[in-house]
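# Observations on chain architecture
Here's the letter readout for the chains.
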Amino acid sequence: MISLLTDNTMLAALIALVGLGTLFGGLLGYAAERFKVGSDPIVQQLDDLLPQTQCGQCGFPGCRPYAQSIADGDAINKCPPGGQSTINAIANLLDISAPSLDEEHGEEEMRTIAYIREDECIGCTKCIQACPVDAILGAAKLMHTVIAAECTGCDLCVEPCPVDCIDMLPIVKNIDQWQWPAPPNPLDLIATTASAMQEDAA
Amino acid sequence: MRRIWDAPGGVHPPDNKAQSLTSSIGQLPLPEKLILPLTQHVGAAAKVCVSVGEKVLKGQKLASASASISAAIHAPSSGWITAIEERAVAHPSGMSAPCIEITCDGEDRWIECMGYPDYKQATPPQLRNLIADAGVAGLGGAGFPSAAKLERGTHMPVDTLIINATECEPYITADDILIRERADQIIQGIDIISHLLGTPKTILIGIENNKPEAIAALNHHCQGSGIEVVSFPTKYPSGGEKQLIYILTGKEIPSGHLPADLGIVCLNSSTVFAIKRAVIDGEPLISRITTLAGEACDINRNYEILIGTPVSHLLAQNAFHPELCSRLIMGGPMMGFSLTSSDVPLVKSSTCILAPSHTEIPDDDPVQACIRCGLCAEACPASLLPQQLYWYARADDHERLQAHNLFDCIECGACSYVCPSNIPLVQHYRSSKADIVNARTAKATAAVARERFEFRQVRLEMADTVREAKREARRIVTEKAKITSPTTTQPSGSSAADIIKAAQLRGTARQASPEQQRAKLERTLMAAEMRLKEAQQRLLQATNNASVDQQAQQLASVEAAKRKVEQATQRLTEVSH
Amino acid sequence: MAFKQVSSPHGHARQSTGQIMQLVLLATLPGLLVLSYQFGWGLLINILIATTAAISAEALILKLRNRPIEFYLRDYSAVVTAVLLGLALPPLAPWWLVVVATAFSIIIAKQLYGGLGSNPFNPAMVGYVVALISFPIEMTTWVTPVSLLAADVSHPGLLESLAIVFAGNSPVDGVTGATPLDLFKHSDGLLVEQIYQNNSLFSRASFAGVGWEWANMAFLIGGLALLKARIFTWHGPIAMLGTLALMSMLFWDGGSSDSPGSPVMHLFSGASMLGAFFIVTDPVSSTVSNRGRLIYGALIGLLVYVIRAWGSYPDAVAFAVLLGNFAAPFIDNYTVPRTYGHSKSRRATDKEKSE
């Protein structure tokens, strides 16, 4: 046996490689099972990152279906309300490079909230049926109003309104919500000074 | 001699305190108008209790505390309320907030004051109410309502009372001069607080050693009183509450806790003075000592100003040259914020107005690259790694920022001060902190939205099943009817009379045949039982993984289905008999 | 009247990055003087060539990157890299060697990573290692110290040196020779005492090795001055020198024929002091916390000794520093200092407890 191996180096090498392969493959397989990290299913994790506006701008009826679709390999840049930060977070989770927002599905805009001009409301309940998060209060032939704290700004109530009495208004920042803006990136700053200096020279 | 601990980090900026100490505390002429923001303190805005056009006397309450952490506001002088509206206030944003405007009548007539010179007879809650009623909030810059601070002190026995007379910010001398001139009243204030807190074992006054006159004044008045005056080497930011407590006691306040959790109460010396006035003289907090400093004003001096005095009034009285002024700062150069306009009022926490010239505080040089020199880490009093925080802030890496304890940053500015590359580190941290808080809120709202969305889905589904079941039941009825009474089938294109006739026929048929009735009831019972089964199944699912609300709803639908089954059974038995 | 909106703090300490770099340059002066005295004009010529090359390379890249050239050149970082490289390269090395090493340092190791502050490796050491690996013969030819020159030989004068550097003239015999670390590397089978007796580099030395001991002493003095000026903390250099001393004590082996040399010899030979105070302390590529610097310095000290004693290169500071640079982010991960109000320090990768 030994002599057979020493005589046929080709065979010996083959056996050694196959043997090592089997051994380490087995070890790795065992380790993968034994030390498995229990974590939320990927759909859940993706859903957690989505903004939950349930606006359907991605083409899916709600955030969870889109999360499911991403898990099945769909593009991650179809969520305008989440914007670039959501895309980045998902890219980070899936360990892929972050694309920019797909403009087909809309642009990243300032967060807005629906307001019903209550004088004009005829009480048709169409917006109530359209609201994905039950944030509109009212009954048939009675005035409706939006619970501002629950409104996700999804825009879905605007279209069905027969009298166009719903406005999407940007959230007004008051003094308590004010924050220092991040200082400009020094490199950008320098680049602009550079071009400014070049302009001066020209 | 008491042991002094050396706090880590710190910087030694030029203290620039001599300029404003050349003369004693001054008084300003009464301004034409006083503007009193409803939020001059940490916590909820005060609630207005006067109306426009009302005549008010000096010291009259204008707005009362609206929550446990809030502070009342009083009229600093007599006059008329001429407006209650949004005005530009002293805030880094330069934005407006609700304010009360008083047009002074020039008489400066006091409301009747009820002092309590015999405070030893009062109970702690009574004293606390007096302090709360007087609207006393921390005068050292933060503006935390003092009554709330002393309230926290009662949850756990307080064994150490620390009076913060450190005043480590350059330029500011308000506490210094107050101690020099009115040390006796400060000591009285300490006695009141000590009585209120149940006589703590240790009472310390912490003061930096660059104020020898103030230390002498305190020592003179403290002899034999059990109050210890502790002076320690000057280093910014020794006056931070956490830093001062460490310097004097060697204890660190655990992250996310308050000094009261360690049995320590720490108050600013000016606040103590205000408490003395509130309790013994019955005067609410309507004035404070504010330092005016900087080369853009010809006169640098401390003033006892009325709260609500516009900054422009203070500047105008001191030969201010706007063209010389590089920026206008409320507070000290290290932690103060820039004012975009001088038309804002001075508030309870305004320690200083600094109007530096361009040579004193020049415009910032352009930012250079961070070379991670580590000077910032050496200067950080919280032992953070500012340079790492900076890189992570630029990368918006919230996870790493929190792992590096960004929220333990006290924004003292020592890191930016020493940075050789002029990086505005503190601004980066402020912006990142706000971003992280916003992200947390967004996440919480998203979770609520998701729950509501999912609940709605379940509700719609349930409505669908109910409708489906009804439709199914109707279909079976019609089919049965078709089978049992084929003769009633209507010829197409029949007249209205025919239809009515047919309906009548159907009606009589239904009434006529008890078998048919029973058959129908049996079908109803079957459908009801099916619904009950479905509802029970859903309930089972809901118990496993849905929210409490959903479970309750499912439970209700099971009950309804059960009732339906019961009704059907009952009627069936009736018909059978 | 409107005023500027600026975030606090208002005002800065008056020390800029450029000034820090200038101080570092100033601190290399004693070392430069001693080295020049010992080894002739070669080093000064090195530094001049390197500085010119560094500034040109930096300016070229800044131009290509559309950045203001003057603003960035004023931070003096290119000059510091050039001077450190000039001090490390052998005197009388051909001009192209210096230019290649410097250009590589500035262009590849620094600017391609994003310029000052973004380079993971010490640029000067990258340049040095590239030159050492590519041109081993030129890089290991050192000049004999002045006091060991034969009576009839002297260091080439300024013009002669320039001719050697630029025209490729060969220096006179006896002007070049081995360094103390070379000697130890190539003296197998001899007791330390024998090496010391046989070779004038040691037999005529005051305590470590002729020429090198005083140069290292001068760098030590320059380094201590920087320490005094609080340009860096003591942790990195002390950890490195301490580990180097400790290792050489552990393996001193009583001066047997296997001994890699005495602690004093190791501390005062080669680039020990230059490395400890001017390379290990390079903030950009080192660790960020004091605890991290202790580990980082110790790692470099250990590697210096390991490579000197058992590797194939006589000196090892450059390799050790680059390996240390590799490890720095990893060390940073585990050496975040304990923050005020926290009972223990956290790791950089810790996750926030979910609320």
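Residues numbered from 1 in each chain as written. Chains lettered and ligands numbered in written order. Predicted model: local features only at pLDDT ≥ 70, side-chain atom pairs only at ≥ 80, totals over all residues. Heavy atoms only, no water.

### Here's the deal with the overall build of chain C
Summing up its helical and strand segments, chain C has 17 helices and 2 strands in all. At 22 Å, chain C has a C-alpha radius of gyration in line with the 20 Å of a compact globule built from 355 residues. With respect to the principal axes defined by its C-alpha atoms, chain C has extents near 80 × 45 × 35 Å. Counting across all 355 residues of chain C, residues that qualify as buried make up 58%. Look at the contacts in chain C between residues 6 or more apart in sequence, and 72% of them connect residues 24 or more apart. (Helix = DSSP H or I, 4+ residues; strand = E, 2+ residues; numbered from the N terminus. Rg over C-alpha atoms; globule rule 2.2 N^0.38 Å. Buried < 20%, exposed > 50% of the residue type's maximum accessible area, 1.4 Å probe, protein only. Contact = heavy atoms within 4.5 Å.)

### Some details on the sheet that holds strand 5 (residues 61-64) of chain B
All names here are of chain B. Strand order in the open sheet made by the 3 strands is 3-5-6, with antiparallel pairing throughout. If you trace the sheet from one side to the other, it starts and ends with strand 3 (47-48) and strand 6 (73-74), each paired once. Note that strand 5 and strand 6 share 2 bridges and pair antiparallel. Bridge pairing in strand 6 places Ala63 opposite Ile73. (Pairing = 2+ DSSP bridges.)

### Some thoughts on the pattern of salt bridges
Residue and element names in this part refer to chain B. In the structure shown here, the tally under the stated rule is 37 salt bridges over all chains. A salt bridge links Glu101 to Arg87; its shortest N-O distance comes to 2.8 Å. With Glu101 in strand 8 (residues 96-104) and Arg87 in strand 7 (residues 79-88), this residue pair connects regions lying 14 residues apart in the sequence. Taking the shortest distance from any N to any O, the salt bridge between Arg471 and Glu468 comes out at 3.3 Å. Of the two residues, Arg471 and Glu468 both sit in helix 12 (residues 425-484), 3 residues apart, roughly one turn of that helix. Residue Glu468 is classed as partly exposed on the basis of its relative accessible area of 41%. (Salt bridge = Lys/Arg side-chain N within 4 Å of Asp/Glu carboxyl O.)

### A short note on the interface of chain A and chain B
In this complex, chain A contributes 32 residues to the contact, which on the side of chain B involves 29 residues. Carbon and sulfur atoms make up 57% of the area that chain A and chain B hide from each other, which totals about 2,600 Å². It is Ile175, Trp180 and Pro183 of chain A in chain A that bury the most area against chain B; as a group they hold 27% of the surface buried on that side. The interface formed by chain A and chain B holds 5 salt bridges in total. The partner of Asp48 of chain A in a salt bridge is Arg450 of chain B, with the nearest N and O atoms 3.1 Å apart. Summed over the shared surface of chain A and chain B, the result is 12 residue pairs in polar contact (both at pLDDT 80 or more). Among the secondary structure elements, those contributing two or more residues to the side of chain A that touches chain B are helix 3 (42-49), helix 6 (126-130) and helix 7 (186-201) of chain A. If one sorts the elements of the side of chain A that touches chain B by residue count, helix 6 of chain A sits on top with 3 residues. Its residues assigned to classes, the side of chain A that touches chain B shows 18 nonpolar, 8 polar and 6 charged. (Buried area = accessible area lost by both parts, 1.4 Å probe. Polar contact = N/O pair within 3.5 Å; in protein donor to acceptor, adjacent residues only side chain to side chain. Nonpolar A, V, L, I, M, F, W, Y, C, P; charged D, E, K, R; others polar.)

### Topic: a negative patch on the surface
All names here are of chain A. Together, Glu103, Glu107, Glu109 and Asp155 make up a region of like negative charge exposed at the surface. In this fold, Asp155 is placed in the loop between strand 3 (145-146) and strand 4 (166-170). Judged by its relative accessible area of 42%, Asp155 falls in the partly exposed class. (Patch = residues over 30% accessible without salt bridge, like charges linked within 9 Å, V, L, I, M, F, W, Y side chains within 5 Å. Areas by Shrake-Rupley, 256 points an atom, 1.4 Å probe, with all protein chains shown as cover. Lys, Arg positive; Asp, Glu negative; His and termini not counted. Charge placed at Lys NZ, Arg CZ, Asp CG, Glu CD.)

### Some words on the domain arrangement of chain C
Bring the parts together and some accessible area is lost; that lost area is often taken as the interface size. Residues and elements named next belong to chain C. When its domains are assigned, chain C resolves into domain 1 (16-177) and domain 2 (179-335). The distance between the C-alpha centroids of domain 1 and domain 2 comes to 21 Å. Between domain 1 and domain 2, the residue contacts involve 33 residues of the former and 28 residues of the latter. When domain 1 packs against domain 2, close to 2,600 Å² is buried across both sides, 81% of that on carbon and sulfur atoms. The tally of links from domain 1 across to domain 2 stands at 2 residue pairs in polar contact (both at pLDDT 80 or more). Sorting the residues of the side of domain 1 that touches domain 2 by element identifies helix 1 (17-39), helix 4 (77-88) and helix 6 (123-134) as the ones contributing at least two each. It is helix 1 that provides the largest number of residues to the side of domain 1 that touches domain 2, a total of 12 residues. Its residues assigned to classes, the side of domain 1 that touches domain 2 comprises 23 nonpolar, 10 polar and no charged. (Domains from an automatic or database assignment.)

### Structural notes on the domain arrangement of chain A
Looking at the assigned domains, one finds that chain A contains domain 1 (2-30), domain 2 (42-105) and domain 3 (112-170). Between the C-alpha centres of domain 1 of chain A and domain 3 of chain A the distance comes to 71 Å.

### Focus on the interface of chain C and chain B
On the chain B side, the residues contacting the 48 residues of chain C number 70 residues. In this assembly, chain C packs against chain B so that about 5,000 Å² is buried in total across both faces, 52% of it on carbon and sulfur atoms. Looking at the side of chain C facing chain B, the largest losses of area belong to Phe3, His10 and Tyr340 of chain C, adding up to 18% of the total buried there. In this assembly, chain C and chain B are joined by 2 salt bridges. A salt bridge links Glu252 of chain B to Arg338 of chain C; the nearest nitrogen and oxygen atoms lie 2.8 Å apart. Inspection of the region where chain C meets chain B yields 28 residue pairs in polar contact (both at pLDDT 80 or more). For the side of chain C that touches chain B, the element with the highest residue contribution is helix 1 of chain C, accounting for 3 residues. Tallied by class, the residues present in the side of chain C that touches chain B amount to 17 nonpolar, 18 polar and 13 charged.

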